[in-house]
Amino acid sequence: MSLLHATWLPAIRTPTSSGRAALLVWADTWRVAAPAGPRDTPAMHPFTLAPEELRIWLNKKNLLPHEIIDATACLTLPSRTVKSKGKAKASKNESGITEEIIESNWTGLPLQAGEPIPKQCEWWPWQVQGLAIEPAAATTWLSKLPLSGNNPDLGEELRWWSHLQRWALSIIARGRWLPQVELSKGEGYPHRARWVPLLNREDDRRRLEELAARLPLVATCALPWREPTGKRSNRTTRLRPEAMRAANPVASCRPRSGRLRVANLLEALVDAQLRKGFETNTDQLDPLLTTWQKALGSETGIITLLDDEVERLATASNHWREGVAGSVAAARACLELFTPTKDADLWELRFVLQAEADPTLKVPAATVWAAGTQTLQLGEIRVEHPGEVLLEGLGRALTVFEPIERGLDNATPNSMHLTPAEAFVLVRTAARQLRDIGVGVELPVSLSGGLASRLGLAIKAELSKSSRGFTLGENLDWSWELMIGGVTLTLHELEKLANKRSPLIHHKGAWIELRPNDLKNAELFCSTNPKLSLDDALRLTATEGDTIMKLPVHQFDSGPRLQGVLEQYHQQKAPDPLAAPEGFSGQLRPYQERGLGWLAFLHRFDQGACLADDMGLGKTIQLLAFLQHLKTEKELKRPILLIAPTSVLTNWKREAQAFTPELKVYEHYGPKRPSSSSDLKQSLKQIDLVLTSYGLMQRDSALLETIDWQGVVIDEAQAIKNPSAKQSKATREIAKPGKNNRFRIALTGTPVENRVSELWALMDFLNPRVLGEEDFFHQRYRLPIERYGDMSSLKDLKARVSPFLLRRLKTDKTIISDLPEKVELSEWVGLSKEQQSLYRKTVEDTLDAIARAPRGQRHGKVLGLLTRLKQICNHPALALKEKHVLEGFLTRSAKLQRLEEILEEVIEAGDRALLFTQFAEWGHLLKTYLQQKWHFEVPFLYGSTTKTERQAMVDRFQEDPRGPQIFLLSLKAGGIGLNLTRASHVFHIDRWWNPAVENQATDRAYRIGQENRVLVHKFITSGSVEEKIDQMIREKSRLAEDIIGSGEDWLGSLGVSELRELVTLEETN
Amino acid sequence: MNTSPNKTEITTALSEKGLGQQPWWVEQWMELINSYRFKKRLERAWTYAREGNVTSIRFEGRRVHARVQGTEEDPYKVKLWLDVLNDEDWSYVLEALTQKARWSAQLLAGIMPADIERAFAASGRRLFPFKLQEVRSECNCPDKANPCKHISAIYFLMGDRFSEDPFVLFQLRGRTRTKLLEDLAKQRLEVLTAIAKKSNQENNLDKDSKTKNDTPAQAHPAVINPSLWWKYEGSLNADLVVITPAMEGDTGLHSAGELPLAEEPRFPKARQKFLSHLHEQGSKLAQHAMLQAMTTGD
């Protein structure tokens, strides 16, 4: 797969171009490449798509920009050193003596995004081919890029670009720009009219710092590049090597602080857009302004006037701009206000220098004066000419806050005093104006205008004595005080202070500012005397700045018992673990005990819970343990409905048999299932757990509704993600309480919290009130988050749903110690109707033939039967020797359905998987099917793969940062020798009778170099020969290792009755 | 020469807003001109200026070069200059300027301090010419009188030109803005070392500054972690989620105010037209930007 990148090309002069800047769009892709090094000029980047390929690819992705030309640029990229043996040899052969010193001839390969970083990394320039977009067209193109989310085709820096362009749009929308005249930077550069963004406002300056601190360097790593060919009077000329070397020296650009670079890029984007849309109207303008205006609207911005006229314009426009915004520097002047000391009247104002990137980095003016002409280090930030920066800011500050004139009367001012009236002006109005012109202002916390400086509440609350904290609606015992600026006050005090009518008030050692509505809000609150419920407490402690009756809550002290409940709710504290209940035949790992505790905790509150642990962590076991817990506690009184995809029903049944034999399980499935309410009720007597599929639940919903379920559990909960789908509606409907309460639990292995669009239906199933109606949810959360990546909405959403979601990853530190490095999972699957009848027919037809066959042929026939049965378990198409993947391919095999479900999670998680099969024909069919399904390449390594192809497949799987996530291998060809440690999942789609062979294949991934836990998925078709052989392998007493160690041959010598027992399909229902 | 003084004073009719709105140095300049006794000649010069006979004014180093179209085919060449302060004078001025941080602060911020003359007083010199006679001039016209009407026409236009760049005055006195600021920084350092010596803190400060200078430039984080070449984990700033227009009267153009460009007398409406067109186009472009922002991600 290719990954798209965008790099800014600064304005450069070439014989063929006007020297304008452009955005270079290029893509890297993986291929086998020999290491290369620069000669006279930088080497070609071996991994880029050629312009023609790039055009096709972009067009396919609907990303092809307008107004593009093929272009080459010279980019500095981190590179890995790779010795080139061939080259050294060749130059020796040429001329007995090596004239060129090979040692200095570095060779290597550029790194690609996402590739692991080698220990030794060097930076080298590479010639990169791509497409150049003119700035105006580039802005249009950038505007269309997604602002959030990870798109597999787009490099992360494209999101940075889209954010920069969004900022440019905001600058234009707010009119934060001025036209300027920019003088030529030297011979060959024309004078230009430019549109310049004004970065004086506090928020714009902060944004500059944010984007600069996060600048992905690939966005700005271009050096000037001159094409080797040029046009001179109708003749294309090639540059001579010396000229080429001079024009494109082998040089790298140094990664630097991005502030100025980013400001320049922003300017380029703003300039391009304003220039494009600007219409001129020179009516009544004098020649000078006419020329300027025309240049502002022209494509190049070039101004042709006499030098001194341009200089006049430049000086005037510059002077004009200086009145609004200074230049971009690493630090700024800052005024720090301090409250009067005890008994004093005057406020102190100190002059300090403050880093733009980090406002907490400050030095007093004295240090600045002492630094003189030297640079000053503010933390990690270097400030050039600190004295000038500070003075310039103070000069600017004078224009909006006159009182500081007094403080600047000596040569090296450090601080000054302000009268209370002056301090009030500063707090109330001047602070904002000062920040607008780029001067920092730091006010005492109680006056800083933040939340703390507003009148709010300090709350103390505890569960009432009789309560155990089990219902959300219950009222708490609570008390409150008014609070402002960190100090508390009574209503009476507030009234007294308000009567003083002084804007800044000294109260209990703090200076506070009262606002007009404060007293009114407080009085209203006091007269209402509201109640506080546990629900309120949860809300107030979940997010900062939540209010009760317009009053923000500054402090929330909860008593020890309430504290315990809140902490568990907010998952600040791991839920109290709950040991495996009696009657549970199995071991729970520590994190599973915590999961069980959590399910029990939410159940106590009658809240729905979504257990979203990573695949392989044992969600099934935790749920079964929970059901057993209810049973043991005698709380399980009515049946529980578990809805799951058909493909996993078998798995559920087997696991329940193994872990919770006491639970009475009933499958509502198959044609013989009860069709009337009374029949169903009859069948459900004494039943604890009812299993059914999503499809049947929807079809039989009216019937199922008649049962008074104690709870509803949905497995693979992503099945209800689409809120308007019938299946989803029916599921949410059946989760609603009937005569009695009905608990709701959802299980899923996908990262639900990151899929905003799917959250609503899930929460509507679990706890309908939490996210409100669907329309509200769409407007409030989904749109801002998905389209714009709005983090505050996302944070709010997560705070709302997180109490009901538990997701642990295999990589979590607390989990890792609990898990073995290799986890083997048995994936039980059933058979489709077609598979079943084909299986039965094959067994019937063949067993007789075998019984009648002469001894000599019998062996072969037995093996043939077993092979054919295994093929049927995989897919009927394989057994019937079909060559093509036709419609309905998926539904014909239960195994394929389950495989696809698990792979979906693997792909979603960004993991990689090895798929082993013993049938090459199955490999081909599966390859075709998976490629159609996911639209990416699935390599298949089998017997006929050539040695070179093999190596290429393995290298690509191991090294290509965007390499295939799924690798199909035949057990024979791929089971030994290869190193495929990038995979963390191994699938054995069909079983080989010899565990040693399977283990060897598993070890392709599970070996030295593997950094993750390996999950081994073994598919077992229940009731079939696969299950029986699996049993035989497990029961070592019956089959000594040396028997099965020799392969499948032992099977051939089984007697007919043994064979019959082995191959007959058992009814699993 | 012996015409009786005219009662009607010529004000700077170039600015419609009147004198009160002008920066102080322009105001002073106009006062200077109005102190000229020969009002008839001034009136004629004013007409010259208004009708666009002045074809160019250039500040070249310490002199002003101008061309005025007179009765002859070739324009007359006019030169204007002030007495330059010598290095000694400047050293007094610089020393005085360093005494008040505010002067440096304002000059750095592009503002001409209103009380700048006080710093010049230390040298016994002035920044601004006190009398018209201090403005030296030369014209190659046949008129023997100085100032002739060509020179006077330049006088009128100079005031406006000062507002384009107040530091032109320094230039005419022998220091460009860049040089002046450089010299000021040096001078300030001297003052600082003197203060430091006095308070016996020299040792401490020296040590401090040395250790600070010795620390090598911090390596860019991407050098240590090359994956930063491609990494961007930022999310869209909350303020950029919804793109809003400026509040009424809150654009950059509003804050910048009048364009400080001397008006061309023949095009009295030019500056105003230029600005109002920018405002008009600006709000059109803002509309367009908001529309574009709304369709992002569709």
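Residues numbered from 1 in each chain as written. Chains lettered and ligands numbered in written order. Predicted model: local features only at pLDDT ≥ 70, side-chain atom pairs only at ≥ 80, totals over all residues.

The subject of this paragraph is the confidence of the model for chain A. Mean pLDDT over chain A stands at 85; residues scoring 70 or higher make up 91%. Segment residues 87-103 of chain A is flagged for pLDDT under 50; beyond a separation of four residues in sequence, or across chains, it makes seven contacts in the model. (pLDDT = per-residue confidence, 0-100. Contact = placed C-beta atoms within 7 Å.)

A word on the environment of Val-363 of chain A. Along the polypeptide, Val-363 of chain A turns up in strand E15 (residues 362-364). C-alpha separation for the pair Val-363 of chain A and Leu-378 of chain A, spaced 15 residues apart in sequence, amounts to 7.5 Å. (Helix = DSSP H or I, 4+ residues; strand = E, 2+ residues; numbered from the N terminus.)

What follows concerns the domain arrangement of chain A. Residues and elements named next belong to chain A. Domain boundaries in chain A define domain 1 (3-272), domain 2 (331-432), domain 3 (451-489 + 497-554), domain 4 (590-816) and domain 5 (823-1063). On the side of domain 5, seven residues touch domain 1, which itself brings seven residues to the contact. When its residues are assigned to classes, the side of domain 1 that touches domain 5 shows four nonpolar, two polar and one charged. (Domains from an automatic or database assignment. Nonpolar A, V, L, I, M, F, W, Y, C, P; charged D, E, K, R; others polar.)

End to end, helix H9 (residues 307-322) of chain A covers 22 Å across 16 residues, agreeing with the expected 22 Å (1.5 Å per residue, within 8%). Taken together, the buried positions of H9 of chain A are Val-310, Arg-312, Leu-313, Thr-315, Ala-316, Ser-317, Trp-320 and Arg-321 of chain A. On its buried side, H9 of chain A packs onto strand E7 (177-182), strand E8 (191-197), helix H8 (287-297) and strand E12 (302-303) of chain A together with helix H6 (149-164) and helix H11 (252-256) of chain B. (Expected span 1.5 Å × (residues − 1). Buried ≥ 20, exposed ≤ 12 C-beta atoms within 10 Å, placed from the backbone.)

What follows is about the environment of Gln-106 of chain B. Among the structural elements, Gln-106 of chain B can be located in helix H4 (residues 101-108). C-alpha separation for the pair Gln-106 of chain B and Asn-53 of chain B, spaced 53 residues apart in sequence, amounts to 36 Å. Those residues in contact with Gln-106 of chain B, other than ones at most four positions away along the chain, are Gly-395 and Leu-398 of chain A together with Ile-111 and Pro-113 of chain B.

Looking now at the sheet that holds strand E39 (residues 1014-1021) of chain A. All names here are of chain A. Ordered by their spatial adjacency, six strands build an open sheet running E34-E39-E38-E35-E37-E36, and the pairing between neighbours is parallel. The sheet is open, and its two borders are formed by strand E34 (822-829) and strand E36 (940-941), each paired with just one other strand. Looking at chain direction, strand E35 (residues 913-917) and strand E38 (residues 985-988) are connected through four bridges and run parallel. The residue bridging Ala-913 from the neighbouring strand is His-985, located in E38. (Pairing = 2+ DSSP bridges.)

Moving on: the environment of Phe-274 of chain B. Along the chain, Phe-274 of chain B turns up in helix H12 (residues 270-294). In sequence terms Phe-274 of chain B and Ala-262 of chain B are twelve residues apart; their C-alpha atoms lie 13 Å from each other. The contact partners of Phe-274 of chain B, leaving out residues within four places of it in the chain, are Leu-285, Leu-289 and Gln-293 of chain A together with Leu-259 of chain B.

Let us now look at the pairing of E8 of chain A. Residues and elements named next belong to chain A. Most of E8 sits out of view: seven of its seven residues are buried. Across the two faces of E8 the burial is the same, with His-191, Ala-193, Trp-195 and Pro-197 and Arg-192, Arg-194 and Val-196 all buried. Inspection of the sheet shows E7 paired to E8 by six bridges, in the antiparallel sense. Across the sheet, residue Glu-182 finds its bridge partner in E8, namely Arg-192. Sheet topology places E8 next to E12; two bridges connect them, and they run antiparallel. Note that in E12 the partner of His-191 across the bridge is Ile-303.

Glancing now at the interface of chain B and chain A. Tallying the contact residues gives 79 residues for chain B and 91 residues for chain A. Of all the secondary-structure elements, those providing two or more residues to the side of chain B that touches chain A are helix H3 (87-99), H4, helix H8 (177-198), helix H9 (202-214), helix H10 (221-224), H11 and H12 of chain B. With 14 residues, the top contributor of residues to the side of chain B that touches chain A is H12 of chain B. Residues of the side of chain B that touches chain A, tallied by class, amount to 41 nonpolar, 26 polar and twelve charged.

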